[in-house]
Amino acid sequence: MENNEMLLEITGLSKAYGKKIALHNVNLNIHSGQIVGLLGPNGSGKTTLIKVLNGLLKDYDGDVKINGNPIGPKTKSIVSYLPDEPYFADWMHAKDALSLFCDLYEDFDYSRALELMKRFQLTEDMKIKSMSKGMKEKFQLALVMSRKARLIVLDEPIGGVDPAAREVILDTILSNYREDQTILIATHLIADIERIFDSVVFIKEGNVVLDKDVEAIRQESGKSIDELFREEFRC
Amino acid sequence: MLNHLLKLMKYELKCTYRSFGLVYVVILAASFFLTPNSDGSQAAMILAMIYGIAIGTLVVMIFVTVIRNYYTSMFQKQGYLTQTLPVKSYELISSKLLIAYFWIVVSVLIIIISTFIIAFKANNASFNDILEVIRQLLQATMDRDFWLILGYFIITPLEAILLFYLTMTAVHTKYVRKHRVLIGIALYFVISYAVSYVTDVILSLSSGAFDTAFYQSVSVVQFRSEAQTWMMLGFSAVLAVVYFIGTCYILDHKLEIE
């Protein structure tokens, strides 16, 4: 459910890696309280956009504001980010990562993280190095969804996991989502995930080609998001 | 700010202590068991070799740990966590710098303590002898040269570490797309060469400033070298600040994590 507060404002965002244009004049406004799908094939610019939002890419043209603030420590304190690969150091146990999140994020809910870990059959004493890829991703998701962040950014949360795990992850996202939160999910696996979107943004070769409410799309075109995606990005 | 800094330092310590703990134990244990006046038995020689290798390992480890820890935690996969923490870039850099310096200080102390242990055993020193050495060390702090040397021990490693940080950070911008490690190493040597050239220029210019009758009437060699030494120390401090600000600027405005 959308409310009127503008959470994310992107104006004229462009980013190039040498001669390769990753983002070209992206304009995007996302309100609070939505689940937004950022959809596009590999190399379309989804991850570049996400990195800009999280402060991992600094040298770009255009203006990006989250909750009225430019990207920096203030925005990082209200953005919870799940990258497409695990990011913990090998020396860490799960409890070290929990402790880090507790210390540095004021909105982190420790007991919720433990609940989610229990659901994923993970324990605090587990060494992160000894976890499988799927376990690491679930652990990261547990940490990210345990923050009461205004904006949750998930980069390919179901990529690289089996179909059963995908359902668990999607259910975790939905069951831990609060109505005042915005979730931005970047993915190219549309069919599995479109049921949870309020709106979608199609991004193609660095350009936003569609930014619309999901219900409006279905009513206007009579197609599912997955069908529309395949049409738009047909090779 | 201090709260964030202390928390970041806590994680830096947790990340790095494993690298050093075992080597410290080996060095101290070897120094206790080494008998300098031994009859050259094989066991004594092996122990001496272990001690020497441990010291060498420690020196190498300091460099490797400082550089590798910064590089992996800031620019590899862990960078996705580090660089998205809600902290300012100067807090991040300060935490890494202070813990790196902490390990340098602890390592030097461990080497000094182990050397003293061996020396005292060699001379069959008593407890009173140990107290006398401590007394002489404390008396040395009254000497002006002591503070100059201490200044060098504080500022020079900080400057060196910060130059590593600056060059490693500078290659994670849009200006360097390939061969980051090689370019980073080259950049390090270029900056080091430039700094040593400027240092030589400053030294030669400052030598002229002391060619007056007044300075010639005092112990010229001592006074001139001391004043220049303080000047060089000040120059090192300025460089350290420049490297720190440069690193933070790149992190805030030019960073690219791939």
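Quick caveat: nothing in here was measured; it's all calculated off a predicted structure.

Right, let's talk about the sheet that holds strand 6 (residues 79-82) of chain A for a bit. All names here are of chain A. With mixed pairing, the 6 strands of this open sheet are ordered in space as 6-7-8-3-9-10. Only two strands of the sheet have a single neighbouring strand rather than two, namely strand 6 and strand 10 (207-213). For this sheet, the mean angle separating the axes of adjacent strands, direction not counted, is 15°. Judged from the 5 bridges that link them, strand 7 (residues 151-155) and strand 8 (residues 182-187) form a sheet pairing that is parallel. Within the sheet, the bridge partner assigned to Leu154 lies in strand 8 and is Ile185. On the sheet, helix 9 (residues 225-232) packs against strand 3 (35-39), strand 9 (199-204) and strand 10 and is oriented at approximately 15° with respect to strand 9.

Two elements in contact, helix 3 (residues 94-104) of chain A and helix 1 (residues 2-33) of chain B, have axes whose closest approach is 10 Å; the angle formed by their N-to-C orientations is 165°. Here helix 3 of chain A is positioned roughly antiparallel relative to helix 1 of chain B, judged by the angle of their axes. Every pair of crossing elements has a handedness; the one defined by helix 3 of chain A and helix 1 of chain B is left-handed. Contacts between helix 3 of chain A and helix 1 of chain B pair A:Asp96, A:Ser99, A:Leu100, A:Asp103 and A:Leu104 from the former with B:His4, B:Lys7, B:Leu8, B:Lys10, B:Tyr11 and B:Lys14 from the latter. For the contact of helix 3 of chain A with helix 1 of chain B, the per-class residue count stands at 4 nonpolar, 2 polar and 5 charged.

What the rule picks out here adds up to 17 aromatic pairs over all chains. An angle of 90° between the planes, with centres 4.9 Å apart, marks the rings of A:Tyr87 and A:Phe88 as edge-to-face. In this structure A:Tyr87 comes out as buried when scored by relative accessible area, which is 4%. Seen in terms of ring centroids, B:Tyr24 and B:Trp103 are 6.2 Å apart; in terms of plane orientation they differ by 40°. Their pairing is tilted. With B:Tyr24 in helix 1 and B:Trp103 in helix 4 (residues 89-122), this pair connects stretches of sequence that are 79 residues apart. Pairwise contacts between aromatic rings join B:Phe20, B:Tyr24, B:Phe102 and B:Trp103 into one cluster.

As a further point, take the packing of helix 5 (residues 133-145) of chain A against helix 6 (residues 163-175) of chain A. Residue and element names in this part refer to chain A. For the pair helix 5 and helix 6, the least separation of the axes is 11 Å and the interaxial angle reads 5°. Compared by their axis directions, helix 5 and helix 6 come out roughly parallel. Of helix 6, the residues touching helix 5 (which contributes Lys138, Leu141 and Met145) are Ala165, Ile169, Thr172 and Ile173. Looking at the contact of helix 5 with helix 6 residue by residue, the class counts come to 5 nonpolar, 1 polar and 1 charged.

Residues and elements named next belong to chain A. Where strand 1 (residues 6-17) meets strand 2 (residues 20-31), 8 bridges bridge the pair, whose relative direction is antiparallel. Its bridge partner lying in strand 2, Glu9 is registered against Asn29. Relative to strand 4 (residues 61-66), strand 1 is paired through 5 bridges, and the arrangement is antiparallel. Looking at the pairing, Ile10 lines up with Val64 of strand 4.

Quick look at the nonpolar core now. Among the nonpolar cores identified, the biggest contains 142 residues, and A:Phe88, A:Phe139 and B:Tyr165 are the most heavily contacted of them. Here this core spans two domains, and each of domain 1 (1-127) and domain 2 (141-258) of chain B adds at least three residues to it. When near neighbours in sequence (up to four residues on either side) are disregarded, B:Tyr165 contacts B:Val66, B:Tyr70, B:Ile93, B:Lys96, B:Leu97, B:Ala100 and B:Thr247.

What follows is about the state of the cysteines. Scanning the entire structure with this criterion turns up 0 disulfides over all chains. A disulfide-free cysteine, B:Cys15 has its sulfur positioned 19 Å from the sulfur of B:Cys248, the nearest such atom.

Taken together, B:Val105, B:Val108, B:Leu109, B:Ile112, B:Ile113, B:Phe116 and B:Leu137 make up a surface patch of nonpolar side chains, about 550 Å² in accessible area. With a relative accessible area of 32%, B:Phe116 lands in the partly exposed category.

Here we take up the UniProt feature "transmembrane region" (unreviewed entry) in chain B. The UniProt entry lists residues 20-37, 43-67, 98-120, 146-166, 187-210 and 230-251 of chain B under the feature "transmembrane region" (unreviewed entry), expressed in the numbering used here. Secondary structure across residues 43-67 of chain B comprises 100% helix and 0% strand; the distance between its end C-alpha atoms is 36 Å.

Conventions and cut-offs
Residues numbered from 1 in each chain as written. Chains lettered and ligands numbered in written order. Predicted model: local features only at pLDDT ≥ 70, side-chain atom pairs only at ≥ 80, totals over all residues. Heavy atoms only, no water. Pairing = 2+ DSSP bridges. Helix = DSSP H or I, 4+ residues; strand = E, 2+ residues; numbered from the N terminus. Axes fitted to C-alpha atoms, helices over the stretch in contact; angles between N-to-C directions. Contact = heavy atoms within 4.5 Å. Parallel < 35°, antiparallel > 145°, perpendicular 65-115°, else oblique. Left-handed = near helix turned anticlockwise from the far one by under 90°. Nonpolar A, V, L, I, M, F, W, Y, C, P; charged D, E, K, R; others polar. Phe/Tyr/Trp six-rings, centres within 6.5 Å; stacked < 30°, edge-to-face > 60°. Buried < 20%, exposed > 50% of the residue type's maximum accessible area, 1.4 Å probe, protein only. Core = buried A, V, L, I, M, F, W, Y, C linked by side-chain atoms within 4.5 Å. Domains from an automatic or database assignment. Disulfide = S-S within 2.5 Å. Patch = residues over 30% accessible without salt bridge, like charges linked within 9 Å, V, L, I, M, F, W, Y side chains within 5 Å. Areas by Shrake-Rupley, 256 points an atom, 1.4 Å probe, with all protein chains shown as cover. Salt bridge = Lys/Arg side-chain N within 4 Å of Asp/Glu carboxyl O. UniProt positions renumbered as here; feature names shortened; annotations may be inferred.

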